[in-house]
Amino acid sequence: MKKLIGLKKVKTAVFISGTGSNLKNLIKFSKTKKSPISINLIISNTMKAKGLKYAISNDIEKKIINFKYRGAAEKKIFSLMRKNDIKFICLAGFMKVLSGNFINKFNGKIINIHPSLLPKYKGLNTHEKAIKNKDNFSGCTVHFVDKKLDSGKIIMQKKVRILKNESPISLAGKILKQEHKLYPAAIMKVLS
Ligand code: GRF
């Protein structure tokens, strides 16, 4: 991966589906001198993603891709990647599962952030699961994306303590705060 680094920043696409707080944070990070990435493309599977506003306010190309037919959607994304010379992909709250075929094309160049201490609690409702199991800690993980959901090699994790009477909402808020520190740190680890 590190061989992608030259003097120029690695052109990166961020895939989102929702609020986009990680996207907002990654855009801010990408503008710092130390950042090894620039964000050149934002993909959303829905026009309802609130995070799309950050594409507009930062003048970054955005595309909404309907995933009803995944093969066709991925074909469109692949050609956008080529057109924009994208070399790295950050999934940030992207709610669609990419095919093995697509992942192979970007082998080792797609990373994701997940709100649990993987391998615990893959998939959805991670905060509910951690609280229900009376765990003392949860947290977040940045990992490489491979063909199995939330299963690729772990890059970095951050633990967050679960307090007595913690609610899924309060835990999500605490973890999200850590996600905003962890994602840039993990990108630095992979690319600098
Ligand atoms: C984050 O908790 C992320 O870990 C998960 O989805 C949430 C997205 O939040 N995959 P945001 O859209 O970046 O605010």
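This is a predicted model, so every value here is computed, not measured.

The rules behind the values
- Residues numbered from 1 in each chain as written.
- Predicted model: local features only at pLDDT ≥ 70, side-chain atom pairs only at ≥ 80, totals over all residues.
- Heavy atoms only, no water.
- Helix = DSSP H or I, 4+ residues; strand = E, 2+ residues; numbered from the N terminus.
- Rg over C-alpha atoms; globule rule 2.2 N^0.38 Å.
- Buried < 20%, exposed > 50% of the residue type's maximum accessible area, 1.4 Å probe, protein only.
- Contact = heavy atoms within 4.5 Å.
- Phe/Tyr/Trp six-rings, centres within 6.5 Å; stacked < 30°, edge-to-face > 60°.
- Lys NZ or Arg CZ within 6 Å of the ring centre and 35° of its normal.
- Near = heavy atom within 4 Å.
- Polar contact = N/O pair within 3.5 Å; in protein donor to acceptor, adjacent residues only side chain to side chain.

K.L.:
What am I meant to see in the overall build of the chain here?
P.N.:
The number of helices and strands found in the chain is six helices and seven strands. In sequence order, the chain lays out its α and β elements as β-α-β-α-β-α-β-α-β-α-β-β-α. Computed over C-alpha atoms, the radius of gyration of the chain comes to 16 Å, within 12% of the 16 Å expected from 2.2 N^0.38 for 192 residues, which places it in the range of a compact globule. By its C-alpha atoms, the chain is 50 × 40 × 30 Å across when sized along the principal axes. Here the chain, with 192 residues, has 47% of them falling under the buried criterion. Of the contacts formed within the chain by residues at least 6 apart in sequence, a portion of 64% connects residues at least 24 apart.

K.L.:
It is not clear to me how the packing of aromatic side chains should be interpreted in this structure. Could you clarify?
P.N.:
In this description, a pair of aromatic rings is defined by centroid distance and the angle of the planes. Applying the stated criterion across every chain, the model contains four aromatic pairs. Pairing F15 with F94 gives two aromatic rings, centres 5.3 Å apart and planes at 75 degrees, and the pair type is edge-to-face. With F15 in strand β1 (residues 10-16) and F94 in the loop between β4 (88-91) and α4 (100-105), the pair connects residues that are 79 residues apart, well separated along the chain. In terms of burial, F15 and F94 fall into one category: buried. Following the ring pairs from residue to residue traces out a cluster consisting of F15, F67 and F94. Above the plane of the ring of F137 lies K159, whose end atom (NZ or CZ) is 4.6 Å from the centre.

K.L.:
Quick question: what am I supposed to make of the site of the ligand here?
P.N.:
Neighbouring the ligand are the residues T19, G20, S21, N22, G93, I113, H114, P115, L176 and E179. At 2.6 Å, a side-chain N or O of S21 approaches an oxygen atom of the ligand. Take N22: an N or O atom from its main chain is 2.9 Å from an oxygen atom of the ligand.

Keep in mind these numbers describe shape, not what the thing actually does.
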